[in-house]
Amino acid sequence: MPQGLNKVKRRISTVENTKKITNAMKLISSVKVRQIQNGYVTRVAFNNELNDLLNIICNYASTKLDSPLLKVNQKISKKLYIVVSSSLGLCGSYNYNVARYLSEVYKNGDEIITIGEKIDREVLKNNEVKTYRDFKDILNNLNMSNCRVLQKFIIEKYMSGEYSEVILIYTKYINQIASKVAELRLLPLDYKKNKNLELKFPDLGQDIDETLLKYTKKYITSALYIKLFESLLSEQSARRNAMDNADKNAEELVDKLRLEYNKARQTAITQEITEVVSGSVNK
């Protein structure tokens, strides 16, 4: 077999092996997407109920308290961002979109809690950015307990008066092929004000400030959990789509290489026949 044909054949074999890998990764991501989706729906329902309850508490508390949990500290401009990325690659533009969004909202002096290895590496390019990396592996073992630890850290830092706001930057899941980077203000509480609502605060055996803090902790823990969960869902969907595109591209490349191989093989056979015929005529 001519050397050119051997080269094309090796390329076909390489691309087909790559296609097997991308196809396997696509299947794994598809399974993970289904698993995450099943748990996501029930968690969203619980989070919505908690939001409604906290909204009532905030409206009542705003008439009784002058709490830092309820209003932005105008004396401070520094913000604390919690930025969620992935720890693994091969998920298309997922991490790039998060990094670009962060670059648009970040201002000198702001501080960042990094979640995921990818954004941590992006942030480290700028040594002037103060980052907290204690929670960068939280997605590897995402549960309420770990989110509660992060919630405690956030509230302690905010209540110390260091920041005007605490904002979570995550990736919002839209559907299986679409997602977008979004932000959620965790502190101060972003509640819907309703001045016309006649509020009768239930007797919970606690002062209103204690109740507000208690449910703020519950809300932030739940919000962190559901939004990190949503980011995981978006990440796996992005990875599945990236592998699906790679799979299709590999298939198209194999088809082109096979066509090239067949043409080269046909040319080689034609040349051999011509040489045989020419040799017979010359005799």
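This text gives an overview of the structure that appears in the document. Because the structure is predicted, anything quoted here is derived from the model rather than measured.

1. Some details on the pattern of salt bridges
Thought 1: The final tally for this structure, using the stated rule, is 16 salt bridges.
Thought 2: Here Lys26 ties to Asp244 by a salt bridge, and the two come within 3.3 Å at their closest N and O atoms. With a gap of 218 residues between them, Lys26 in helix H1 (residues 3-61) and Asp244 in helix H5 (residues 208-282) connect regions that are remote in the sequence.
Thought 3: A relative accessible area of 22% means that Asp244 is categorised as partly exposed.
Thought 4: A salt bridge links Glu165 to Arg185; its shortest N-O distance comes to 3.6 Å. One end of the pair, Glu165, is in strand S4 (residues 165-175); the other, Arg185, is in strand S5 (residues 178-187), and 20 residues separate them in sequence.
Thought 5: The class for Glu165 is buried, based on a relative accessible area of 13%.
Thought 6: Because the salt bridges share partners, they merge into one network encompassing Lys19, Lys26, Asp244, Asp247, Lys248 and Glu251.

2. Considerations on the side chain of Ser86
Thought 1: Within the secondary structure layout, Ser86 lies in the loop between strand S1 (79-84) and helix H2 (94-105).
Thought 2: Exposure remark for Ser86: the relative accessible area of 0% places this residue in the buried category.
Thought 3: Within the structure, the side chain of Ser86 is placed 2.6 Å from the backbone oxygen of Leu88, a separation counted as a polar contact.
Thought 4: Leave out the neighbours within four places in its chain, and Ser86 touches Cys91, Tyr94, Asn95, Gly116, Glu117, Lys118, Glu235 and Arg239.

3. Notes on the sheet that holds S4
Thought 1: The five strands are arranged S3-S2-S1-S4-S5 in an open sheet whose pairing can be described as mixed. Taken across any chain shown, the strands that pair with only one partner, and hence form the sheet edges, are strand S3 (130-132) and S5. In this sheet, adjacent strand axes meet at a mean angle of 25 degrees when their direction is disregarded.
Thought 2: Pairing of strand S2 (residues 111-115) with S3, which is carried by three bridges, proceeds in the parallel orientation. By the bridge assignment, Glu111 is partnered in S3 with Lys130.

4. Here we look at the nonpolar core
For soluble globular proteins, the rule of thumb is that nonpolar side chains tend to be buried together.
Thought 1: Formed by 49 residues in total, the largest nonpolar core has its most connected members in Ile82, Ile113, Ile154, Leu187, Leu189 and Leu224.
Thought 2: Of all the secondary structure elements, the ones that give two or more residues to this core are H1, S1, S2, helix H4 (144-159), S4, S5 and H5.
Thought 3: Looking at this core element by element, the count peaks at 13 residues for H5.
Thought 4: For Ile113, the residues in contact, after removing those within four places along its chain, are Leu80, Tyr81, Ile82, Val83, Tyr132, Phe135, Leu150, Phe153 and Ile154.
Thought 5: Counting twelve residues, the second largest nonpolar core, distinct from the first, contains Val98, Ala99, Tyr106 and Ile119.

Conventions we followed
- Residues numbered from 1 in each chain as written.
- Predicted model: local features only at pLDDT ≥ 70, side-chain atom pairs only at ≥ 80, totals over all residues.
- Heavy atoms only, no water.
- Salt bridge = Lys/Arg side-chain N within 4 Å of Asp/Glu carboxyl O.
- Helix = DSSP H or I, 4+ residues; strand = E, 2+ residues; numbered from the N terminus.
- Buried < 20%, exposed > 50% of the residue type's maximum accessible area, 1.4 Å probe, protein only.
- Polar contact = N/O pair within 3.5 Å; in protein donor to acceptor, adjacent residues only side chain to side chain.
- Contact = heavy atoms within 4.5 Å.
- Pairing = 2+ DSSP bridges.
- Axes fitted to C-alpha atoms, helices over the stretch in contact; angles between N-to-C directions.
- Core = buried A, V, L, I, M, F, W, Y, C linked by side-chain atoms within 4.5 Å.

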